[in-house]
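In case you want the letters, here they are:
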Amino acid sequence: MRALSEKPLLAASAAAALLAGALIVSSFVRAGDRALLCSSVYSSSSPSAELAAALLHYATTRVVPQQSRAEIRISFDVLRRRAPCNFLVFGLGHDSLMWSAFNAGGTTVFLEEDPVWFRSVTKDSPALHAHTVRYRTRLVDADDLLKSYRSEPSCLPPAAAPIKNNHRCRLALADLPAEIYDREWDLIMIDAPKGYYNEAPGRMAAIFSAAVMARGRRGEGETDVFLHDVNRKVEKKFAMEFLCKKYLVGGTGRLWHFRIPPVNDTSSGDKGFC
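Residues numbered from 1 in each chain as written. Predicted model: local features only at pLDDT ≥ 70, side-chain atom pairs only at ≥ 80, totals over all residues. Heavy atoms only, no water.

As annotated in an unreviewed UniProt entry, the protein is Probable methyltransferase At1g27930 from Phoenix dactylifera. Its UniProt record gives the protein a comment under Subcellular location (unreviewed entry), which states: "Golgi apparatus membrane". (UniProt positions renumbered as here; feature names shortened; annotations may be inferred.)

Laid out in structure tokens, this is it:
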């Protein structure tokens, strides 16, 4: 009798979990957010299929994105305005399908440093456009990197750009896949690599390289940069040094949003980022 009486409860719990997962994505496209759905479908079947796959994924898993709904909303509102666009994401996670779906019809590329985690995520979501990358930095060296980068000319504007093959600057991500350098990124999200123990790569190089990419943009418009985990000391310090307080346009929880304009005038003699 006990087993029989538990079945309705288990069924109800499972149904609630499925519904909650679906709402992670679908709640952003209700009512006033229907513009994103319309802009995501376009004229081909591929973007709508991508959105449908994401809805199915979140409707059939109990795993939810790492960011809060309020944090996701900031990036979602920018994507609603700019999609389809070029979107570069540092880190693979439980939210990767969501970001890719929000930019349906655009190009969303993920960079992940952990090969084991990379295989785990891409096995379940093989359609994600992702690469494994290696970092030359360690979190324990963050203070030294921040103090010493100004003494290395290749770390300073305008010599810091391009970051491709810029091996002299320890903060430059000089060996990324070629397509990362070949595109101009409209949005950049920094939610990796790991930055919570001494031997982890930390996000110093990702923040620096995102700033160089944004400043070097040749096309029209600004670059929206999102940095997660700003409750941590290193993320805060490097954000203020390279992404700049004057470009900080919003944020909530552990997420900051910067909007960085291209810097085309290199004749001013300014040797800083801010």
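Moving on from the coordinates now.
Draft legend 1. Representation of the overall build of the protein within the structure. Scanning the protein for helices and strands turns up 10 helices and seven strands. Of all intrachain contacts in the protein linking residues separated by at least 6 positions in sequence, the fraction that spans at least 24 positions is 69%. Only carbon and sulfur atoms are counted for the fraction: they give 55% of the accessible area of the protein, which is about 13,300 Å². (Helix = DSSP H or I, 4+ residues; strand = E, 2+ residues; numbered from the N terminus. Contact = heavy atoms within 4.5 Å. Areas by Shrake-Rupley, 256 points an atom, 1.4 Å probe, with all protein chains shown as cover.)

Draft legend 2. Molecular detail of the pairing of strand 2 (residues 107-112). Buried residues dominate strand 2, accounting for six of its six residues. Residues Thr 107, Val 109 and Leu 111 line one face of strand 2 and the alternating positions Thr 108, Phe 110 and Glu 112 line the opposite face, and both faces are buried. With five bridges joining them, strand 1 (residues 86-90) and strand 2 adopt parallel strand pairing. Looking across to strand 2, one finds that Leu 88 is bridged to Val 109. Between the parallel elements strand 1 and strand 2, the chain passes through helix 5 (residues 96-102) in a crossover that is right-handed. Here strand 2 pairs with strand 3 (residues 130-132) via three bridges, running parallel. Residue pairing for strand 3: Glu 112 is matched across the bridge by Thr 132. In this fold, the crossover linking strand 2 to strand 3 by way of helix 6 (residues 115-124) has right-handed handedness. (Buried < 20%, exposed > 50% of the residue type's maximum accessible area, 1.4 Å probe, protein only. Pairing = 2+ DSSP bridges. Right-handed = clockwise from strand over helix to strand, strands pointing away.)

Draft legend 3. Region of interest: helix 10 (residues 233-243). Of all the positions in helix 10, only Val 234, Glu 235, Phe 238, Ala 239, Phe 242 and Leu 243 are classed as buried. The buried side chains of helix 10 occupy one side of the element, clustering within an arc of 125° when seen end-on. For helix 10, the elements touching its buried residues are helix 7 (142-148), helix 9 (204-215), strand 5 (223-228) and strand 7 (255-260). Positioned one or two residues after helix 10, Cys 244 has a phi angle of 80°, which is positive. (Arc of directions from axis to C-beta.)

Draft legend 4. Just the state of the cysteines, in detail. Evaluated as defined, the whole model comprises two disulfides. Cysteine pairing for the protein (bonded cysteines numbered in sequence order): 1-2, 3-4. (Disulfide = S-S within 2.5 Å.)

Draft legend 5. Region of the structure containing the nonpolar core. Membership of the largest hydrophobic core comes to 49 residues, with the highest contact counts inside it found for Phe 208, Phe 238 and Phe 242. Examining the composition of this core, we find that 10 residues originate from one element, helix 9, more than from any other. The next biggest cluster of nonpolar side chains, apart from the first, holds 22 residues, and it includes Ile 72, Ile 74, Leu 92 and Phe 102. (Core = buried A, V, L, I, M, F, W, Y, C linked by side-chain atoms within 4.5 Å.)

Draft legend 6. Just the side chain of Asp 224, in detail. Residue placement: Asp 224 occurs in strand 5. Relative accessible area serves as the criterion here: at 1%, Asp 224 is assigned to the buried category. Separated by 2.8 Å, the side chains of Asp 224 and Arg 82 make a polar contact. One polar contact links Asp 224 to Arg 259, side chain to side chain, over a distance of 2.9 Å. Ignoring sequence-local partners within four residues, the contact set of Asp 224 consists of Val 78, Arg 81, Arg 82, Asp 186, Leu 187, Ile 188, His 257, Phe 258 and Arg 259. (Polar contact = N/O pair within 3.5 Å; in protein donor to acceptor, adjacent residues only side chain to side chain.)

Draft legend 7. Fine view of the packing of aromatic side chains. Scanning all chains against the criterion turns up 10 aromatic pairs. Between the aromatic rings of Tyr 196 and Tyr 197, the centroid separation amounts to 5.3 Å while the plane-to-plane angle is 65°, which identifies the pairing as edge-to-face. Ring centres of Phe 208 and Phe 242 lie 5.3 Å apart, and the angle between their planes is 90°; on these two criteria the pair is classed as edge-to-face. Taken as a pair, Phe 208 in helix 9 and Phe 242 in helix 10 lie far apart in primary sequence, 34 residues in all. Residues Phe 208 and Phe 242 agree in their burial class; the two are buried. Members of the aromatic cluster, connected to one another through ring pairs, are Tyr 149, Phe 208, Phe 238, Phe 242 and Phe 273. (Phe/Tyr/Trp six-rings, centres within 6.5 Å; stacked < 30°, edge-to-face > 60°.)

Draft legend 8. Looking closely at the sheet that holds strand 5. The mixed open sheet is built from seven strands, whose spatial order is 3-2-1-4-5-7-6. For this open sheet the edge positions go to strand 3 and strand 6 (248-252), each flanked by a neighbour on one side alone. Each strand axis lies, on average, 15° off the axis of its neighbour in the sheet, ignoring direction. Bridge analysis of strand 5 against strand 7 gives six bridges, and the strand direction is antiparallel. (Axes fitted to C-alpha atoms, helices over the stretch in contact; angles between N-to-C directions.)

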